[in-house]
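# Analysis of the macromolecular model
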Amino acid sequence: MEGAGNNVIEIVGATVSLLLVATGVMAISKRIRIPFTAARITIPFTVGLVVTGMVLAQVARFGGEALAPIANLRISADVAFFVLLPTLIFQAAFKLDARALRENLAGVLLLAVPGLLLSTGLIAGVLVLATPLGWFEALLLGSILSATEPVVIGLLRRLGAPKRLTILVEGESLFNDATAIVLARILTGMLLAGAVAGGTGVLQGGVEFIVVFFGGLLVGWALAVLVGMILGRVDSDAFIEVTLTTVLAYVSFLVAEVVLGVSGVMATVVAGMLIGGWGKAKISPSIADYLERFWGYMAMVANALIFLMVGLAVDLGALANSFPLLLVVIAAMLASRAVVIFGLVPGIGRLPEYDPISRGHQTVMFWGGLRGALALAVALSLPDFGREVAGFGDLNQLIVALVMGAVLFSLLAQGLTMEALVRRFKLHVPPLSDRLARLEGLLSAKQRTLERIPELETGGLFSRRISKELRAQCEAKIEAMKNELQQLRGEHLDIEEERRLLYLRCFGEENILYYEMFTHGHLTERTYRSLVHSVDLQTEAMRHHGSLPEFTLYPPTGERLESTVHRVLARLPGGRRWAETLRAERTARDYEVAWARSQVSLQVSLRMEESEDAESTRPEVVAELRATYRYWQDQARDRVDESAEQFPEFVNSAQERLARRMVLHAECEAIEERARAGMIPEGVAEAMLEELAADLRGIRASQPEKLTVGPEDLLKKVPFFSNMPEEEFSVVTAKLRSRTVPAGETIVRQNGSDSSLFLVARGVIRVSRQDGGVSRDLATLFAGEFFGEMALLHGTRRTATCRALTPCALYELRREDIDVVRSVCPEIQRALEEADRRRRATLRMSAVGSVAHLTTPSSRT
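All of these numbers come straight from a predicted model, not from anything done at the bench.

The rules we used
Throughout this description, residue numbers start from 1 for each chain and increase along the sequence as written. With the structure being a predicted model, the display of local features is reserved for residues of pLDDT at least 70 and the display and counting of side-chain atom pairs for 80 or more, all residues being used for whole-chain, interface and lining totals. The side-chain quantities take in all heavy atoms of the structure and omit both hydrogens and water. Candidates for patches are residues over 30% relative accessible area with no salt bridge; among them, like charges are joined within 9 Å and nonpolar side chains (Val, Leu, Ile, Met, Phe, Trp, Tyr) within 5 Å. Surface accessibility in these figures is a Shrake-Rupley result with a 1.4 Å probe; residues are shielded only by whichever protein chains are displayed. In the sections that follow, a salt bridge refers to a side-chain nitrogen of Lys or Arg positioned within 4 Å of a carboxyl oxygen of Asp or Glu. Only DSSP runs of H or I covering at least 4 residues are called helices, and only runs of E covering at least 2 are called strands; the numbering of each starts at the N terminus. The rule for pairing is simple: two strands pair if DSSP sees at least two bridges between them. Lines fitted to the C-alpha atoms define the axes, with helices restricted to the stretch that makes contact. Angles between their N-to-C directions range from 0 to 180 degrees. For this analysis, a nonpolar core means a set of buried residues of the types Ala, Val, Leu, Ile, Met, Phe, Trp, Tyr and Cys, connected via side-chain atoms within 4.5 Å. Burial here depends on accessible area, computed with a 1.4 Å probe over protein chains only, as a share of the maximum for the residue type. Under 20% is buried, over 50% is exposed, and the range in between is partly exposed. Contacts were defined at the residue level, with two residues in contact if any of their heavy atoms lie within 4.5 Å.

Here the focus is a nonpolar patch on the surface. Taken together, the side chains of Val-8, Val-12, Val-16 and Leu-20 present a nonpolar region at the surface, about 360 Å² in accessible area. Tracing the sequence through the fold places Val-8 in helix H1 (residues 2–29).

On to the sheet that holds strand E7 (residues 774–781), then. On the basis of which strands lie adjacent, the open sheet formed by four strands has the order E4-E9-E6-E7 and antiparallel pairing. Pairing within the sheet leaves two strands with one partner each, and these edge strands are strand E4 (746–748) and E7. Within the sheet, the average angular offset between the axes of one strand and its neighbour, ignoring direction, is 30°.

Residues Leu-140, Leu-141, Ile-144, Ile-399 and Val-403 are the most contacted members of the largest nonpolar core, which totals 115 residues. For this core, the element with the most residues is helix H10 (residues 163–193), which contributes 16 residues. Among all residues touching Ile-144, those that are not within four sequence positions of it are Ala-184, Ala-375, Val-378, Ala-379, Leu-382, Ile-399 and Val-403. Judged by nonpolar contacts, the second largest core, of 27 residues, contains Val-640, Leu-757, Leu-793 and Cys-825.

It is worth spelling out the pattern of salt bridges at this point. Inspection of every chain in the model, using the stated rule, returns nine salt bridges. Note that Asp-754 and Arg-798 form a salt bridge whose closest N and O atoms lie 3.0 Å from each other. Of the two residues, Asp-754 is situated in the loop between E4 and strand E5 (757–762) and Arg-798 in the loop between helix H32 (789–794) and strand E9 (801–804); the sequence distance between them amounts to 44 residues. Judged by relative accessible area, Asp-754 falls into the partly exposed class, the value being 27%. On the accessibility criterion, Arg-798 (3% relative accessible area) is buried. Of the charged contacts in the structure, one is a salt bridge between Asp-771 and Arg-769, with a shortest N-O distance of 3.1 Å. Asp-771 gets classed as partly exposed once you look at its relative accessible area, which sits at 29%.

Attention now goes to the sheet that holds strand E3 (residues 737–741). With respect to topology, four strands assemble into an open sheet ordered E3-E10-E5-E8, the strand pairing being antiparallel. Whereas interior strands pair on both sides, the edge strands pair on one side only; in this sheet they are E3 and strand E8 (786–787). Judged from the five bridges that link them, E3 and strand E10 (residues 808–813) form a sheet pairing that is antiparallel. Each residue of the ladder has a partner; that of Arg-737, found in E10, is Glu-812.

What is shown is where atoms sit, not what they do.
Pasting the structure below:
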């Protein structure tokens, strides 16, 4: 036991020492530059860690006994795979912009799945032709070396690269890690089973790949939903919320990988993305920033330990023995990466959502596809194959040596030359808008400093000479910056650049205003993130293309996906209530978004009027922006007015909730301020804040009232119910299913197979039909009207599409319930048949082009 205790003490001491070494490496790497380079090019942190580890190992080997405990540390396969890897994967997925990833998913998956399979095959082909390795050994090594690290992401962000490009690179790295591990796992099983390359083996491997990949996805999704629901019931408890996300990271990995035999990496990726996107709205705002810093620190520790121990574990003798084979591996690795990037990325640039990706950015993606921690973790975790490779010894040792050598080349050769490559393509020069923004930011900071100088002189205890010198320095720098700004404007700022710059300033103002509204309790977390994402999309489009995107907040694809989810959920047992809740939440969120956009558009317009920049900007540019923001404000106000007109009770309820939320946030701020000043005892302040937090939880958990309308509305508005006695009407209402529909959602789609009748209680419905690729609006339906009678009476497919123009309250009557309603209300049969006759006549006229639009109120679909 004593020996075991000493061993533990040595491990703890060595680990702490490694962390101290990593801290020193981090500090030094920021201050030194690569020798023999004209520009100041810093050494990447991971490269510094590997080099430091190699140096420590050699010093300990040649007599540094004090370093022996550190130098003898080795990273085990289980620690790398089950402890460090989930941390790295979860953190990368958690910080990824899930909404941006969804919009760029086609390009990401193209690189991450077909791209990785292509890379694996190319590497294997070269190795089979040039080395003694067989197909399965070569494919296994190719899959391990095809997984890339997102090291280049930070560099792309510093260069101001388009956000779509950074998402493409980051998403590719995350998903090709999962693909690589799944593929390596399948190939490992084939090697252990002694499989022979052939059609049957490939087919079995393909099926297993699909099962393992998507099985991991489902496990991660299910566990993340469960944890997200629990997080939604917790308020501002850092221990619980951080612990739950930590448990999720490891449990998703272990349950998928160990218990169910599917992809643990894929499970952790999906869990991290879901909690980092949808789950962010469940995490307390006061904890969200802390959680991001926590996972950033954990990933930094994991990376530091891995790369330091990589350096410590480098066996120069093994690398020397396999050096000829290593050269072939490196050449194949680079060639395969070149084929994937220069072959697939130009095609991605032709997709509708992308813009052409420049050759310089493609080259950065190629050379920046570094291999690192994941490749080593997979290589170390391989089981003992018990095989020999002619001339190179044990297969496991050879794979570890080759992967280690490839990773060292990647980090030292590629990592140290990345910035030089960027400068070679002149990608480090920021666009004019960014240079102007930087100068304006510095100018604003100096002006703020100048305003604060009188505070130093207050009270007469500060030297007037020093304050005078400081004032003179600030004024001189301000004057120099103004001259530089004027020179930049005069030489480079044409009308298009000026327009772009003013839009970017306004978008910056929007972000500030939305953040203020969020911190003061005016906006929920989810609404705030939706609005900021919209501004980010507009900023990206304006910065890189000089135009505004067609859709940001209400993209048709997003609405179609959400509507599909609602329909599928409503068909599941017990899912109707959940679907109705989601629709109500969507309607409430749309109202909050429209209200915020209306307020912010007005504020930006007012600030533009008062801005000095507006006075120095071309009048036509200012007029365009004023018109744009006026249009956005009117559009948002129309949405608010539509909600207020159709659901006045809901709007009143929503405004009451907003007012209560604002009051509680203000009270929290006042109590915290007085507690910091010592005017309220700490314990008393904590109790008061907990009471207010409970009230805020209650508001967050409640739903706005009166979003659905009572059946009595139908009694008043639908003609065939108008004379029905209330006791008979209650029989009808038992068969009616209430449904809330957000604005923009499709209720029935042309050629759909459902057969319900819908009665409009509140809202406006647009009926349209597509013939020969041309869409025609046939009718607009209001409260008291109905649609869907043809499918209900005849069991035919839908003949037109009905979409909600405003938030709507509907009642659905299913085909199986129509007989009960007919027995109580015979008039409904006559009304449906009359509408059916008119509708068929209208369709015949429309087919021959006689009628372009239908306006009779009795027309239905």
